[in-house]
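The lines below spell out each chain.
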Amino acid sequence: MELFTYFRSSAAFRVRIALNLKGLKAEPHFIHLVKDGGQQHKPEYRKVNPQGFVPALVDQGHVITQSIAIIEYLEETHPQPPLLPRDALGRARVRALALAIAADIHPLQNTRITKYLEQELKLDEAARKRWIVRWITEGFTALEKLLANDPATGEFCHGDTPTMADVLLVPQMFSARRFGAELEPFPTLRRIDEHCQLLKAFQDAAPAKQPDFEA
Ligand SMILES: N[C@@H](CCC(=O)N[C@@H](CS)C(=O)NCC(=O)O)C(=O)O
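The rules behind each value
- Residues numbered from 1 in each chain as written.
- Predicted model: local features only at pLDDT ≥ 70, side-chain atom pairs only at ≥ 80, totals over all residues.
- Heavy atoms only, no water.
- Helix = DSSP H or I, 4+ residues; strand = E, 2+ residues; numbered from the N terminus.
- Rg over C-alpha atoms; globule rule 2.2 N^0.38 Å.
- Contact = heavy atoms within 4.5 Å.
- Near = heavy atom within 4 Å.
- Polar contact = N/O pair within 3.5 Å; in protein donor to acceptor, adjacent residues only side chain to side chain.
- Areas by Shrake-Rupley, 256 points an atom, 1.4 Å probe, with all protein chains shown as cover.
- Axes fitted to C-alpha atoms, helices over the stretch in contact; angles between N-to-C directions.
- Parallel < 35°, antiparallel > 145°, perpendicular 65-115°, else oblique.
- Nonpolar A, V, L, I, M, F, W, Y, C, P; charged D, E, K, R; others polar.
- Buried < 20%, exposed > 50% of the residue type's maximum accessible area, 1.4 Å probe, protein only.
- Pairing = 2+ DSSP bridges.
- Expected span 1.5 Å × (residues − 1).
- Disulfide = S-S within 2.5 Å.

Caption draft 1: Quick peek at the overall build of the chain. Helix and strand counts for the chain come out as 9 helices and 4 strands. Starting at the N terminus and walking to the C terminus, you meet the elements of the chain as β-α-β-α-β-β-α-α-α-α-α-α-α. Taking 17 Å as the expected radius of gyration for a compact globule of 215 residues, we find that the chain reaches 17 Å, a close match to that expectation. In terms of principal-axis extent, the alpha carbons of the chain reach across some 45 × 45 × 30 Å. Long-range pairs, those at least 24 residues apart, make up 67% of the contacts in the chain between residues at least 6 apart in sequence.

So this is what it looks like as structure tokens:
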């Protein structure tokens, strides 16, 4: 397998965690989202992913885009250890938690969005940061309630083994810290994030551990 990735991309971070949890390796291809005006916009990369996003996974010559689709693909092709619960209700809960991040929080902080805020709407850095933190905080407020008030939450988001929900949560916590969001009001999110950080699969997927890392 091959993975188009960027150390700071939280969507690529998700896939790196999922690969590690399943003990899989993918040869990395680094796409710098800032250098050269963003290598994701280059025609060579648009041939891989016309959306111009990382991650993209290549398996047996087929390109798979969208981190959730990639993780579900890995789950179906390499079921052990499972990242989705066995029962339908559990799977629905884990997918809902994951999508609360992937669909409702993360897209608003994406590079193309913040570039538009800067270049078209002329928002300065402080205003752009306010925008990002605003949506992370709103999303995390709901996520904290969903997790804190449900007995299905265990050491991880769902029970006592990592699932796709944790795979999504940890990179979003990383981004939240990077953008300076206040995390004190989210004790359950912090507790689960800390618990995930004990696992090598999560540690090794971290931006600072990637060969393309830049301080
Ligand atoms: N929904 C996509 C989102 C992917 C995505 O937003 N990737 C970001 C990095 S985290 C990206 O490549 N951004 C490039 C840009 O905005 O120009 C997924 O989950 O894979």
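Caption draft 2: Local environment of the site of the ligand. The full set close to the ligand counts 17 residues, and Q40, V54, Q66, S67 and N110 are the nearest of them. In the model, an oxygen atom of the ligand is placed 2.8 Å from a nitrogen or oxygen of the Q40 side chain. At a separation of 2.6 Å, an oxygen atom of the ligand approaches a polar side-chain atom of N110. Burial of the ligand by the protein chains amounts to 92% of its free accessible area of 510 Å².

Caption draft 3: Spatial organisation of the packing of helix α1 (residues 10-21) against helix α3 (residues 67-77). Following both chains from N to C, one finds α1 and α3 inclined at 10°, their axes separated by 9 Å at the closest point. In terms of orientation, α1 lies roughly parallel with respect to α3. Contacts between α1 and α3 involve A11, R14, V15, A18 and L19 from the first element and S67, I70, I71 and L74 from the second. Per-class residue counts for the contact of α1 with α3 are 7 nonpolar, 1 polar and 1 charged.

Caption draft 4: Molecular detail of the side chain of H106. Within the secondary structure layout, H106 lies in the loop between α4 (88-102) and α5 (111-119). A relative accessible area of 13% places H106 in the buried class.

Caption draft 5: Summary view of the sheet that holds strand β3 (residues 56-59). Read from one edge to the other, the open sheet built from 4 strands follows the order β2-β1-β3-β4, with strand pairing classed as mixed. The sheet is open, and its two borders are formed by β2 (27-30) and β4 (62-65), each paired with just one other strand. Along the sheet, successive strands turn relative to each other by an average axial angle of 25°, direction set aside. With 3 bridges joining them, strand β1 (residues 2-5) and β3 adopt antiparallel strand pairing. Note that in β3 the partner of E2 across the bridge is V58.

Caption draft 6: Broad picture of unusual backbone geometry. Going from V54 to P55, the amide bond is cis rather than trans, its omega being 5°. Take P55: it is sitting in the loop between α2 (43-48) and β3. With an omega of -15°, the peptide bond running from Q80 to P81 counts as cis. Relative to the helices and strands, P81 resides in the loop between α3 and α4.

Caption draft 7: Main features of the packing of helix α6 (residues 125-148) against helix α8 (residues 187-196). As a packed pair, α6 and α8 sit with axes 8 Å apart at the nearest point and diverge in direction by 75°. For the element pair α6 / α8, the angle class is roughly perpendicular. From α6, F140, L143, E144, L147 and A148 reach across to α8, where they touch P187, T188, L189 and I192. Classifying every residue of the contact of α6 with α8 gives 7 nonpolar, 1 polar and 1 charged.

Caption draft 8: Quick look at helix α7 (residues 164-178). The terminal C-alpha atoms of α7, which comprises 15 residues, lie 22 Å apart, in line with the 21 Å expected from a rise of 1.5 Å per residue. With 12 of its 15 residues buried, α7 lies for the most part within the structure. The complete set of buried residues in α7 reads M164, A165, D166, V167, L168, L169, V170, P171, Q172, M173, S175 and A176. In this fold, the buried residues of α7 make contact with α1, α3, α4, α6, α8 and α9 (200-205).

Caption draft 9: Fine view of the state of the cysteines. Enumeration according to the criterion identifies 0 disulfides in this entry. Left without a disulfide partner, C157 is nearest to the cysteine sulfur of C196, which lies 6.6 Å away. The buried category is assigned to C157, whose relative accessible area is 2%. By relative accessible area, which is 0% here, C196 ends up buried.

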